Amino acid sequence: MKLNITLPKFLRIGTLPLVLILLMAIAAVVAFTRYAFGIGAISDLSYSYPWGFWISFDLFTGVVISSGGFLMAGTVYILRIKEFEPLLRPSVLTAFLGYIMVAVALLVDLGQPLRIWYMMIHWNHTSVLLEIGICVMSYLTVLAIEFSPVVLERFPKLHKAAHLIHRYIMPFVILGVVLSTLHQSSLGSLLLIQPQKLHPLWWTPILPILFFASAISVGLSMIILESSLSSRYFQRGLETHLLAKLAKALPIALGVYLVLKFGELAIAGDLGYLFTSGIMSLLFWAEILIGVLIPMIWFSIEKNRTSPNALLTGAIITLLGLILNRFNVSWFAVKHPDPLFYVPTFMGNVDYFPTFPEVAVSIGIFSAGIMAFGLLAKYFPVFEAEHHHVEEVHETVHGLHPAPTPGDD
Amino acid sequence: MTDIKHHAYLFDATRCIDCRACMVACSVENNIDMDKTRIWVAGLGVTGEYPILQRGTMVYHCMHCEHPDCMSACPVGAYTKAEDGPVTYNPDLCIGCRYCMNACPFGVPHFDYDKGIVDGAFIDKCTFCPQRIYNGQEPACVQTCPTDALEYGERDELIKRAHERIAAHPDRYIDHVYGEFENGGTSYLILSHVPFKDLGLPELPETPINEVSEKVMEMTIPFALGWGAVLTAVSAGVAAYDKKLALSKVEVKNGKSAEKKAEESK
Ligand code: SF4
Ligand code: SF4
Ligand code: SF4
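A quick note: this is a predicted structure, and the numbers were derived from the prediction, not measured.

Some remarks on the overall build of chain B
Move 1: Looking only at helices and strands, chain B has eight helices and nine strands in total.
Move 2: For chain B, whose C-alpha radius of gyration is 30 Å, the value lies well above the compact-globule estimate of 18 Å for 266 residues.
Move 3: Overall, chain B is about 105 × 45 × 40 Å in size when its C-alpha atoms are taken along their principal axes.
Move 4: Relative to its 266 residues, chain B shows a buried fraction of 52%.
Move 5: Partitioning the contacts of chain B with sequence separation of at least 6, the portion at a separation of at least 24 is 57%.

Structure follows, in structure tokens:
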């Protein structure tokens, strides 16, 4: 069932980490330029396009690909489906790092990065962005608590502390799920204030519901992706039987999303735009085909759910499509007031296209995330279920609990 | 001091001669770089078909909305809507997220893209010249206007004046005062001889744009509490069920005696 190969320590520092370090260095240089000379010095953002690649990629994509954490925490702790425990820690770690990446990226994007904490004390209750800010900050804390046992377990003296946290974890798990539900959906609400700027194929009052529905599929795909990749990179066993179950849930989650999406379009009477809006219609269909329809068919085929390669391929397709949705909503389908009139040429760029440094910052931060995941997974028991807890509960109950992973800790 | 209860402007596009004196006046009065002006004038070229040709000029300016979207959006509450009209921005709170720029349907707030972390990058927008209007003067842009294309005064009176002007010259104006109802009403009112769309103004509903998002925000806390309660109940239920299941399995394992014991104990 499981293929356990001990990790050859210190050996696997190869090209990948080197490339990652290089990308991080480039990002650091760009970030320095930005802090010294302003956002305009490195980006194409303008009066007409105040939000661009950073928001679409770092915030919208970054948050949604971190949704695996609350899905797994909810499954294992709240629904007590203990068999998913091996997937819990990697997902929580991905989420934790994902949100840290979001926060770091915001420090580059904000005009006053040193004031980011103002969101904790100055509250404007009508602002969706405030809700997102508060949720993300609180959820980062929750994730740190959820992940802390992994770090504590590494040190024998701290086992007690790990145990204590584990014992009182439930309130944090519930808080985490609530916070995630709130801000995953609120990212959609961010666009509610621009009905005349966002194309009607995407603007709907139920944007928050759509965002939450698709976040579930993204989370499931991310767990498949990250398990598959790390099993390859660390040469450890792959929990194909578990991933198959997640893959089975995907067509259902995507189906609900599809019904919601088209149902809303039909009720709002916007179905006409599906074929009449030129490039917008095209983007819409691309997102539906790649992110929803193809994955639904793909994961409905039993064979694809049991083969590691097919699982990985399917997850990547789903992610591409659903991330395209985030880009559409936050950038491609947003039309700012006609720049010809509003922004005489001397005041800003009429079109927006991300510059190389802009993209480099995001890539650098992303590389740091991958690097951190690799290091943590290497030196801390991320890929082991919490033996003692599992044993406590199961050993007495089922005689047939799979033997604990032989230690590589 | 001022007697005006609701400050407002009236812009008459038929009177504007594209001299851009208002831009200069604003820059001088408020010490703003010309390329970051708070008021900007765009010649829209010649429109219409020969022989009925028209040329238009539009003066863009913060609309000082009655339900400002910039204010609704700003996470830290850097904007305030004064009861007597002006919408103002407070740089001491701003974190520079630029959400207000996204939210404003008129693309009004501007951002210091050329400022690093030492200077600090802020938003800038029209302040309604409080240093002038609260001293009984007209805003700098209005006072400078040589043709009275820009006027300033009490909002109700300006609306009345605008409708009177339309009634007096129905051939000259489009029968609509832009800003009277748009986006729940604005304090910058516009009269025009060409369709408002040609002036680059968005078509806005009479209900404030931010109504939808504010309603969603109102539901947040009740939803969070409810959802938290549901999750707590579910986890408690599942835990209890698990325990029962575990017990019964232990009993099966230990044979009939245990089962009997369990029954007896019940
Ligand atoms: S025009 Fe824009 S900046 Fe001015 S009050 Fe309205 S929403 Fe705010
Ligand atoms: S940029 Fe400043 S004023 Fe505008 S929404 Fe953000 S914090 Fe508020
Ligand atoms: S009211 Fe004052 S700040 Fe506003 S545009 Fe006119 S001169 Fe500038």
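Digging into helix H6 (residues 155-168) of chain B
Residue and element names in this part refer to chain B.
Move 1: Helix length check: H6 (14 residues) gives 20 Å between terminal C-alpha atoms against 20 Å at 1.5 Å per residue, within 8%.
Move 2: Of the residues making up H6, those classed as buried are Arg 155, Leu 158, Ile 159, Ala 162, Arg 165 and Ile 166. On an axial view of H6, the arc spanned by its buried residues comes to 125°, and they lie on one face. With respect to the buried face of H6, the exposed residues turned more than 90 degrees away are Asp 156, Lys 160, Ala 167 and Ala 168.
Move 3: Residues of H6 that are buried sit in contact with strand S1 (7-12), strand S8 (150-154) and strand S9 (188-191).

Focus on unusual backbone geometry
Move 1: At A:Arg80, a position not held by glycine, the phi torsion is positive, near 55°.
Move 2: Backbone geometry places B:Asn183, a non-glycine residue, at a positive phi of 50°.
Move 3: Residue placement: B:Asn183 occurs in the loop between H6 and S9.
Move 4: The buried category is assigned to B:Asn183, whose relative accessible area is 0%.

Notes on the site of ligand 2
Move 1: Around ligand 2, the structure places 14 residues, and the nearest of them are B:Cys74, B:Cys94, B:Cys97, B:Arg98 and B:Cys100.
Move 2: Class assignment of the residues belonging to the shell around ligand 2 gives a composition of 12 nonpolar, one polar and one charged.

Details of the pairing of S9(B)
Residue and element names in this part refer to chain B.
Move 1: Where burial is concerned, the two faces of S9 agree: the one with Tyr 188 and Ile 190 and the one with Leu 189 and Leu 191 are both buried.
Move 2: Examined bridge by bridge, S1 and S9 share four bridges and lie parallel to one another. The residue bridging Leu 10 from the neighbouring strand is Leu 189, located in S9.

Thoughts on helix H12 (residues 279-300) of chain A
All names here are of chain A.
Move 1: Between its terminal C-alpha atoms H12 stretches 30 Å, which fits the 32 Å expected from 22 residues at 1.5 Å a residue.
Move 2: The sharpest bend along H12 reaches about 40° and sits at Leu 289.
Move 3: All of the buried residues along H12 are Met 280, Ser 281, Leu 283, Phe 284, Glu 287, Ile 288, Gly 291, Val 292, Pro 295 and Phe 299.
Move 4: Packed against the buried residues of H12 are helix H10 (240-268), helix H11 (273-276), helix H13 (302-306) and helix H14 (308-332).

Observations regarding the pattern of salt bridges
All names here are of chain B.
Move 1: Under the counting rule described, the total for this entry stands at 13 salt bridges over all chains.
Move 2: Ionic pairing is found between Arg 161 and Glu 151, a salt bridge with its closest N-O pair at 2.7 Å. Linking Arg 161 in helix H6 with Glu 151 in strand S8, this pair joins segments that are 10 residues apart in sequence.
Move 3: For Arg 161, a relative accessible area of 31% translates into the label partly exposed.
Move 4: Taking relative accessible area as the criterion, Glu 151 reaches 10% and is therefore assigned buried.
Move 5: Each member of the salt-bridge network shares a partner with another, and the members are Asp 12, Arg 15, Glu 151, Arg 161 and Arg 165.

About the criteria used
- Residues numbered from 1 in each chain as written.
- Chains lettered and ligands numbered in written order.
- Predicted model: local features only at pLDDT ≥ 70, side-chain atom pairs only at ≥ 80, totals over all residues.
- Heavy atoms only, no water.
- Helix = DSSP H or I, 4+ residues; strand = E, 2+ residues; numbered from the N terminus.
- Rg over C-alpha atoms; globule rule 2.2 N^0.38 Å.
- Buried < 20%, exposed > 50% of the residue type's maximum accessible area, 1.4 Å probe, protein only.
- Contact = heavy atoms within 4.5 Å.
- Expected span 1.5 Å × (residues − 1).
- Arc of directions from axis to C-beta.
- Near = heavy atom within 4 Å.
- Nonpolar A, V, L, I, M, F, W, Y, C, P; charged D, E, K, R; others polar.
- Pairing = 2+ DSSP bridges.
- Bend = angle between axes of the 7 residues up to and from the residue.
- Salt bridge = Lys/Arg side-chain N within 4 Å of Asp/Glu carboxyl O.

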